[in-house]
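# What the coordinates show
Chain by chain, the residues run as shown.
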Amino acid sequence: MKTRLTRIPVCALGGGAARRCAAALLALAAPWALAQDYPNHPVRIIVPFAAGGPADIYARFIAMRLQESLKQPFIVEDKPGAGSIIGTDAVAKSAPDGYTLLLMSNTQTVNESLFATKPYQLLRDFAPIAPINSSDLVLVTRSTLPVANLAELLRLAKAKPGSLSYASSGPGTPYHMAGELFKAMAGVSIVHIPYRGSSGARTDVLGGQVDMMFDAVPTMSEHIRAGKVKAMGTTGLARSAVMPEVPTIAEAGVPKYEATIWLGLLAPKATPPAIVDRLNAEVSRIVGEPETARTWKAQGATPMIMSVADFTRFVQGDIAKWARIVKISGAKAE
């Protein structure tokens, strides 16, 4: 007959062993309890870009849905300036408690190599939470520019180097880097005019003060349909589902050209992993809903879903990618 041994939990023992066991159990339970209690007061999402652009629009969408599911206000604050550095630095200096988050784009991954000095380093000072979505850009010209397609635009730019201008929402933004990559790959000289945000840049292109700009498809498509600007090409490798009649820049005259904008959430570096994991789960659930995918597809945006670890690797890879492009293009932070 076999004797059955019973394991006695250490916590059932007396003295110091029981105290040590109780402390260990509390330590194990603390992250779970912290995540369950989060949030218990309003959360701020800092958008380091001007109001009205894709980052602001999608930040407000995510904030509204997080507020619904987590039963606390999620407040979006636009804090533009210095190519996103002002708002990003403000979050880096915030308490790492999950109550101040950063809406990021690939602007921040570009800035890691574009700016020689800045008060933070992305992966040193931030904890990636989750991606949100990605969008193609579209190159548009003012309606009065005497070109009808990309081939004609390239001919004009090459015939009059330095005479054309393109607007962007500031140094290091996807709009800026799409322009610099275009200049390098097409072999043209076009003057960069940086703005404090995409709204100002867009307004001046629509008004004819600047010749062209790269803008997010969801934001610019209505202006294209209204004839206020002319579409030269989209920046993905495949045509946009929103504007399938517009060729990609790669097929229209600059082979292998590709540039997109993507968005995600970060938190200050020491934010408890349990809170980061809970936010990742909530954001992933929101962007993974079929209705979200249908709505965003109609706008030209594609949901992105990754674990915290995968998103961290994605950010690392994007930093390296843009470092190569900054070097090749010779882009400068004006």
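Note that this is a predicted model, so its numbers are computed, not measured.

Here the protein chain averages 90 in pLDDT, and 89% of its residues register 70 or above. Contacts for the low-pLDDT stretch residues 1–10, under 50 throughout, to residues beyond four places or in other chains number four contacts.

A few words on the pairing of strand 5 (residues 165–168). Here strand 5 shows two buried faces, one formed by Ser165 and Ala167 and the other by Tyr166 and Ser168. Looking at chain direction, strand 5 and strand 6 (residues 191–194) are connected through four bridges and run parallel. Paired with Ala167 across the bridge in strand 6 is Ile193. Assessed by its sense of winding, the connection that carries the chain from strand 5 through helix 7 (residues 174–186) to strand 6 is right-handed. With two bridges connecting them, strand 5 and strand 7 (residues 212–216) associate as parallel partners. Looking at strand 7, one finds that Ala167 is bridged to Met213.

A few words on unusual backbone geometry. Cis geometry marks the peptide bond from Tyr38 to Pro39; its omega dihedral reads -10°. With respect to the helices and strands, Pro39 occurs in the loop between helix 1 (15–37) and strand 1 (43–47). The backbone of Lys71 shows a phi angle near 60°, a positive value even though the residue is not glycine. The exposure class of Lys71 is exposed, given its relative accessible area of 66%.

We now examine the packing of aromatic side chains. Applying the stated rule across the entire model yields 10 aromatic pairs. Ring plane angle 90° and centroid distance 6.0 Å describe the contact between Tyr120 and Phe126, whose orientation is recorded as edge-to-face. Each member of the pair, Tyr120 as well as Phe126, carries the same accessibility label: buried. Seen in terms of ring centroids, Phe182 and Phe214 are 5.8 Å apart; in terms of plane orientation they differ by 65°. Their pairing is edge-to-face. Of this pair, Phe182 sits in helix 7 while Phe214 sits in strand 7; the two residues are 32 residues apart in sequence, bridging distant segments of the chain.

A water-sized probe, rolled over the atoms, reveals where empty space remains. Within this model, the largest pocket holds a volume of roughly 230 Å³. Looking at the largest pocket, it is lined by 27 residues, and the ones nearest its centre are Phe49, Ser169, Thr173, Gly197 and Ser198. Listing elements by their share of the lining of the largest pocket, those giving two or more residues are helix 2 (54–70), helix 7 and strand 9 (260–268). Residue contributions to the lining of the largest pocket peak at three residues, all from helix 2. Across the lining of the largest pocket, the residue classes break down as 14 nonpolar, 11 polar and two charged.

Calculation criteria
- Residues numbered from 1 in each chain as written.
- Predicted model: local features only at pLDDT ≥ 70, side-chain atom pairs only at ≥ 80, totals over all residues.
- Heavy atoms only, no water.
- pLDDT = per-residue confidence, 0-100.
- Contact = heavy atoms within 4.5 Å.
- Buried < 20%, exposed > 50% of the residue type's maximum accessible area, 1.4 Å probe, protein only.
- Helix = DSSP H or I, 4+ residues; strand = E, 2+ residues; numbered from the N terminus.
- Pairing = 2+ DSSP bridges.
- Right-handed = clockwise from strand over helix to strand, strands pointing away.
- Phe/Tyr/Trp six-rings, centres within 6.5 Å; stacked < 30°, edge-to-face > 60°.
- 1 Å grid on protein atoms, 1.4 Å probe; cavity = no way out; pocket = protein on both sides within 12 Å on 5 of 7 lines; lining within 4 Å.
- Points joined across faces, edges and corners; volume = space filled by probe spheres on them.
- Nonpolar A, V, L, I, M, F, W, Y, C, P; charged D, E, K, R; others polar.

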